[in-house]
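The lines below spell out each chain.
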Amino acid sequence: MADAPKSQTKRERIVVADDDASARSGLVSFLTSEGFQVTAAEDGAAALARVQETAPDALLTDLRMPGIDGIEVLRKARELYPDLVVIVMTAHGDIETAVLAMKEGAEHYVSKPVQLDEVLVILRRGLDRRSLTHEATELRARLKQKLTLDNIIGSSPAMQEVFDVVEQVSKTKASVLITGESGTGKELIAQAIHENSPRASAPFVKLHCAALAETLLESELFGHEKGSFTGAAGRREGRFKQADGGTLFLDEIGEISPSIQVKLLRFLQERTFERVGGNETLKVDVRIIAATNRDLASEVAAGKFREDLFYRLNVVNIEMPPLRARPSDLLPLATYFLRRFAKENGKAIEGFTDDAIEAIKAYRWPGNVRELENVIERAVVLCDGGRLSAKNLPTGLGATPRGAPRVPGSTLGEIERYAILSTLEACGGRTSQAAQMLDISVRKIQYKMHEYGVTIQRTVEHE
């Protein structure tokens with residue numbers, strides 16, 4: 001008995017080519033009952049004509065047919081559609097020819113008289129593989145499209161300089177250090193370098209170095225052996241192993257400890273490392289792209305960062321400009337975020353009112369593109385009209401925001417309170433982001449909020 005008809009979102013198109021009318025009719029009837037759209041062909045020439053007419057997903061062809069044989073049908077059909085699933089049907093004496101057909105790209109062969117269940121299993125397996133290949137190709141294409149330099153918003157001279165460097169360095173194996181203020185898009189540029197490089201088909205692995213304690217960071221980077229520390233229940237591969245053949249992006253590289261700096265330097269020099277608690281020396285092919293909002297040259301001068309590691313990382317430096325240094329990109333970016341979040345939230349918002357544009361232009365955006373993105377997302381959520389207006393924006397935006405303390409004329413405490421509360425509002429309540437923008441600790445923000453008697457209202461679910 002054949003399997004139950006496959007539930008299909010679309011009916012795959014199949015061409016069946018066989019000069020035996022009885023065999024051809026039986027296959028057509030069976031495959032139609034299984035939910036496929038089936039077209040019959042009585043010989044090789046007709047088979048090629050049907051393939052051109054219907055652009056099928058699969059072809060079942062007999063090897064021995066008058067005129068054009070099955071091998072030639074296979075070759076010409078796959079010239080038209082390289083991903084076409086082809087199954088050849090052969091008599092017992094044609095096995096060698098059937099093997100040749102598989103070398104030419106056939107999915108498999110079946111002996112005649114064919115077993116319908118066998119044909120169905122092979123056909124569905126080939127179609128599933130083809131579908132997965134299509135999905136992977138489409139995903140890569142969408143990611144590539146998203147991360148091509150043409151699609152990163154930035155027509156300002158400052159961003160064009162960045163693009164020029166990215167285009168040149170992408171083709172190389174050189175380590176890259178991306179510097180600049182928080183929120184300027186360093187990770188996006190790192191991924192664009194990877195996606196436009198010969199390593200694009202290999203993994204792009206990210207690690208935020210400031211988010212982990214030293215022992216955990218070492219394990220995340222290099223992996224660990226079972227029992228190497230409390231909680232190490234088994235061997236774990238680190239990010240270096242995961243990124244083999246591809247790119248490892250180390251964000252906030254300036255935060256790593258001196259001992260991790262030594263091990264990272266060794267990798268950059270020798271391309272080898274050991275897992276935590278292990279003795280086996282491992283070698284991988286990984287390109288390093290690092291990013292930091294710190295002045296690493298000053299950190300080197302202060303003895304906080306190894307000079308030799310700095311030079312190893314800083315083979316090519318890309319300095320990301322702050323948003324205030326690229327004013328011509330401000331409104332295009334804001335418009336992009338408005339359209340994106342309006343679509344995500346199912347809102348018909350056409351654009352900005354004049355007062356909103358004025359406020360956006362007047363603000364200095366200390367949190368850069370990330371702050372702009374958060375502000376526009378919040379404004380879209382609050383907007384109940386056809387255009388986003390200044391009243392939808394946080395009160396901290398604009399040249400003279402409502403409630404801002406006067407300088408001079410206000411105490412440092414009043415200025416600090418305003419800075420913390422308005423930055424939190426601009427960040428949608430994200431304490432970690434506000435702390436980074438203000439260059440203070442999250443703990444201090446939490447302490448001050450308790451002191452002010454204010455509850456943090458979050459506009460998003462996650463940091």
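Structure's up top.
Scope of this entry: the structure provided in the associated data block. Note that the structure is predicted; figures quoted are calculated from it, not measured.

Comments concerning the pattern of salt bridges
Counting across every chain of the model gives 30 salt bridges. Close ionic contact of Lys112 with Asp62 constitutes a salt bridge, the shortest N to O distance being 3.3 Å. Within this pair, whereas Lys112 is found in the loop between strand E5 (108–111) and helix H5 (116–147), its partner Asp62 is found in strand E3 (residues 58–62), the two being separated by 50 residues in sequence. Residue class for Lys112 comes out partly exposed when judged on its relative accessible area of 28%. For Asp62, a relative accessible area of 6% translates into the label buried.

A look at the packing of aromatic side chains
Taken as a whole and assessed by the stated rule, the structure comprises 10 aromatic pairs. When the centroid spacing of 5.4 Å and the interplanar angle of 20° are considered together, the rings of Phe222 and Phe240 count as stacked. Taken together, the residues Phe222 in helix H8 (residues 214–222) and Phe240 in helix H9 (residues 239–242) connect sequence positions 18 residues apart. Residue classification places Phe222 among the buried residues on the basis of a relative accessible area of 3%. Here Phe240 falls in the buried class, since its relative accessible area comes to 0%. Summarising the aromatic geometry, the rings of Phe337 and Phe341 are spaced 6.4 Å apart at their centres and angled 25° between planes, so their arrangement reads as stacked. Of this pair, Phe337 and Phe341 both sit in helix H13 (residues 330–344), 4 residues apart, roughly one helical turn. Judged on exposure class, the residue Phe337 and its partner Phe341 are both buried. One aromatic cluster is present, built from ring pairs that chain together Phe222, Phe240, Phe267 and Phe273.

Topic: the sheet that holds E5
With parallel pairing, 5 strands are arranged side by side in an open sheet as E2-E1-E3-E4-E5. Bordering the open sheet on either side are strand E2 (37–41) and E5, each of which pairs with just one other strand. Direction aside, the axes of adjacent strands within the sheet are offset by 20° on average. Where strand E4 (residues 85–90) lies against E5, 4 bridges are found, and the strand directions are parallel. Bridge pairing in E5 places Ile87 opposite His108. Here helix H1 (residues 21–33) sits on the sheet in contact with strand E1 (13–17), E2, E3 and E4, set at roughly 170° to E2. Across the face of the sheet, helix H3 (residues 70–80) comes into contact with E3 and E4 while running at roughly 160° to E3.

Definitions and cut-offs
Residues numbered from 1 in each chain as written. Predicted model: local features only at pLDDT ≥ 70, side-chain atom pairs only at ≥ 80, totals over all residues. Heavy atoms only, no water. Salt bridge = Lys/Arg side-chain N within 4 Å of Asp/Glu carboxyl O. Helix = DSSP H or I, 4+ residues; strand = E, 2+ residues; numbered from the N terminus. Buried < 20%, exposed > 50% of the residue type's maximum accessible area, 1.4 Å probe, protein only. Phe/Tyr/Trp six-rings, centres within 6.5 Å; stacked < 30°, edge-to-face > 60°. Pairing = 2+ DSSP bridges. Axes fitted to C-alpha atoms, helices over the stretch in contact; angles between N-to-C directions. Contact = heavy atoms within 4.5 Å.

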